[in-house]
Amino acid sequence: VQLVESGGGLVQPGGSLRLSCAASGFTFSSYVMSWYRQAPGKERELVARVTAAGGSTNYADSVRGRFTISRDNAKNTVYLQMNSLKFEDTAVYCCSAATQYKVYWGQGTQVTVSS
């Protein structure tokens, strides 16, 4: 099982990034996919989640209206489009795949918002 995140980097406030998480080794279309983030000295928090079929999403209040989660089950990939980035969005972003029986985690990608 692998979850490999990409797309992180350094961006100025107000900028955009698109994160990707490529999955392999399990039946991607059966799993709820989520993005979490953890900033230095803070607890990990759920950023966004999308159901297995992609029909329903939910977001943390802090990112709603700025971030969009989506998935492509044909490509076994989940995305996080991040717009209007703020300093406080700086964190390591990880994707996870979950059913009621299993949870898988990626290694994460660093997002730094700085001027």
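Residues numbered from 1 in each chain as written. Predicted model: local features only at pLDDT ≥ 70, side-chain atom pairs only at ≥ 80, totals over all residues. Heavy atoms only, no water.

### A word on the overall build of the protein chain
So, point 1. Within the protein chain one finds 0 helices and 11 strands.
So, point 2. Along the protein chain, helices (α) and strands (β) appear in the sequence β-β-β-β-β-β-β-β-β-β-β when read from the amino end.
So, point 3. Here the C-alpha radius of gyration of the protein chain, 13 Å, is about what a compact globule of 115 residues would show, namely 13 Å.
So, point 4. Across its three principal axes, the protein chain shows a C-alpha extent of roughly 40 × 25 × 25 Å.
So, point 5. Looking at the protein chain alone, contacts between residues at least 24 apart form 52% of all its contacts between residues at least 6 apart.
So, point 6. About 6100 Å² of surface is accessible on the protein chain, with carbon and sulfur atoms providing 47% of the total.
So, point 7. Each charge class in the protein chain can be summarised by its mean position, and for the 11 positive and 7 negative side chains these summaries are 5 Å apart. (Helix = DSSP H or I, 4+ residues; strand = E, 2+ residues; numbered from the N terminus. Rg over C-alpha atoms; globule rule 2.2 N^0.38 Å. Contact = heavy atoms within 4.5 Å. Areas by Shrake-Rupley, 256 points an atom, 1.4 Å probe, with all protein chains shown as cover. Lys, Arg positive; Asp, Glu negative; His and termini not counted. Charge placed at Lys NZ, Arg CZ, Asp CG, Glu CD.)

### Some points on the pattern of salt bridges
So, point 1. According to the stated counting rule, one finds 4 salt bridges in the structure shown.
So, point 2. In this structure, Arg37 and Glu45 form a salt bridge, with 2.6 Å as the shortest nitrogen-oxygen distance.
So, point 3. The class for Arg37 is buried, based on a relative accessible area of 6%.
So, point 4. Here Glu45 falls in the partly exposed class, since its relative accessible area comes to 32%.
So, point 5. Here Arg66 ties to Asp89 by a salt bridge, and the two come within 2.7 Å at their closest N and O atoms. Of the two residues, Arg66 is situated in the loop between strand 6 (57-59) and strand 7 (67-72) and Asp89 in the loop between strand 8 (77-82) and strand 9 (91-98); the sequence distance between them amounts to 23 residues. Accessibility classification places Arg66 together with Asp89 in one group, the buried group.
So, point 6. Beyond isolated ion pairs, a larger network of salt bridges with shared partners links Arg37, Glu45, Arg66 and Asp89. (Salt bridge = Lys/Arg side-chain N within 4 Å of Asp/Glu carboxyl O. Buried < 20%, exposed > 50% of the residue type's maximum accessible area, 1.4 Å probe, protein only.)

### Regarding the side chain of Arg37
So, point 1. Mapped onto the elements, Arg37 comes out in strand 4 (residues 32-38).
So, point 2. In contact with Arg37, other than residues within four places in its own chain, are Glu43, Arg44, Glu45, Val47, Ser62, Val63, Phe67, Glu88, Asp89, Ala91, Val92 and Tyr93.

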